[in-house]
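Below, each chain spelled out in residue letters.
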Amino acid sequence: DQQVKQNSPSLSVQEGRISILNCDYTNSMFDYFLWYKKYPAEGPTFLISISSIKDKNEDGRFTVFLNKSAKHLSLHIVPSQPGDSAVYFCAAKRNAGNMLTFGGGTRLMVKP
Amino acid sequence: EPEVTQTPSHQVTQMGQEVILRCVPISNHLYFYWYRQILGQKVEFLVSFYNNEISEKSEIFDDQFSVERPDGSNFTLKIRSTKLEDSAMYFCASSSGGRGAFFGQGTRLTVV
């Protein structure tokens, strides 16, 4: 099941710089998208979400961009901090139902 | 801050045995979920539960799985006869019916 894909398994960024995590999807029925952060031995923690009627949503250092025509979303973290080092998952939901379909995750490492 | 709690954090069981994973969702949430993550793989949806019945389930959630909300606070996942391939992190999640789900810290199930 490759409906949601995160093509970069890892990303390394210097502290203070921008981190950009990408996600692609194939199912046009998805209308809501979420980003989760996950530390080892913990559950996913909700970060930010976006509805398909928007193209941008911002919350503090986190901004999610949605390009519906390209079926692509991205998470920008600026400035990046060492505490942001974790695995980031994008997830998508269809209008009908509450099931989340997850991407494979991107491990972000922010170097001091 | 309210959180989803799961017990136990780690469960080791013999193949063929029954296991029950327990979860206490966030108190005012109405939707409850189980997801799992096999080591090195994606987080996968198992089942959602609303109004005392299953509202959605994936093909993973076969007859050996069942869920129950035995009282007003607990939400359980039962695996009747465990197999080696059931070894995974199992995450419980809950939501208020909005878009995002909040996850517990997970139960690591090891089938030997």
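The notes below deal with the structure included here. (Residues numbered from 1 in each chain as written. Chains lettered and ligands numbered in written order. Predicted model: local features only at pLDDT ≥ 70, side-chain atom pairs only at ≥ 80, totals over all residues. Heavy atoms only, no water.)

Considerations on a nonpolar patch on the surface
So, step 1. On the surface, Ile18(A), Ile20(A) and Val78(A) cluster together into a nonpolar patch covering about 230 Å² of accessible area.
So, step 2. Relative to the helices and strands, Ile18(A) is located in the loop between β2 (10-14) and β3 (19-25). (Patch = residues over 30% accessible without salt bridge, like charges linked within 9 Å, V, L, I, M, F, W, Y side chains within 5 Å. Areas by Shrake-Rupley, 256 points an atom, 1.4 Å probe, with all protein chains shown as cover. Salt bridge = Lys/Arg side-chain N within 4 Å of Asp/Glu carboxyl O. Helix = DSSP H or I, 4+ residues; strand = E, 2+ residues; numbered from the N terminus.)

Here's the deal with the sheet that holds strand β1 (residues 4-5) of chain A
Residue and element names in this part refer to chain A.
So, step 1. The antiparallel open sheet is built from 5 strands, whose spatial order is β1-β3-β8-β7-β6. Since the sheet does not close on itself, it has two edges, and those belong to β1 and β6 (56-59), each with one partner.
So, step 2. As judged from the 6 bridges shared by strand β7 (residues 62-67) and strand β8 (residues 72-77), these two strands associate in the antiparallel manner. Note that in β8 the partner of Phe65 across the bridge is Ser74. (Pairing = 2+ DSSP bridges.)

Focus on the state of the cysteines
Here a disulfide denotes a covalent bond joining the sulfur atom of one cysteine to the sulfur atom of another.
All names here are of chain A.
So, step 1. Under the criterion given, the structure shown has 2 disulfides over all chains.
So, step 2. Across the disulfide, Cys23 is cross-linked to Cys90 (sulfur-sulfur distance 1.8 Å). Torsion about the S-S bond of the Cys23 and Cys90 cystine: about 60°, corresponding to right-handed handedness. Of the two residues, Cys23 is situated in strand β3 and Cys90 in strand β9 (residues 86-94); the sequence distance between them amounts to 67 residues.
So, step 3. Residue classification places Cys90 among the buried residues on the basis of a relative accessible area of 0%. (Disulfide = S-S within 2.5 Å. Buried < 20%, exposed > 50% of the residue type's maximum accessible area, 1.4 Å probe, protein only.)

What to know about the interface of chain A and chain B
So, step 1. Across the boundary between the two partners, chain A contributes 23 residues, which contact 16 residues of chain B.
So, step 2. Regarding the contact of chain A and chain B, the summed buried area is about 1700 Å², with carbon and sulfur atoms giving 57% of it.
So, step 3. Its largest share of buried area at the contact with chain B, chain A owes to Asn98(A), Met99(A) and Phe102(A), together 32% of the area lost on that side.
So, step 4. Summed over the shared surface of chain A and chain B, the number is 1 salt bridge.
So, step 5. In this structure, Arg94(A) and Glu56(B) form a salt bridge, with 3.6 Å as the shortest nitrogen-oxygen distance.
So, step 6. Here chain A and chain B share 5 residue pairs in polar contact (both at pLDDT 80 or more) between them.
So, step 7. Looking at the side of chain A that touches chain B, the elements with two or more residues in it are β4 (30-38), β9 and β10 (100-102) of chain A.
So, step 8. Taken together, the residues of the side of chain A that touches chain B break down into 11 nonpolar, 6 polar and 6 charged. (Contact = heavy atoms within 4.5 Å. Buried area = accessible area lost by both parts, 1.4 Å probe. Polar contact = N/O pair within 3.5 Å; in protein donor to acceptor, adjacent residues only side chain to side chain. Nonpolar A, V, L, I, M, F, W, Y, C, P; charged D, E, K, R; others polar.)

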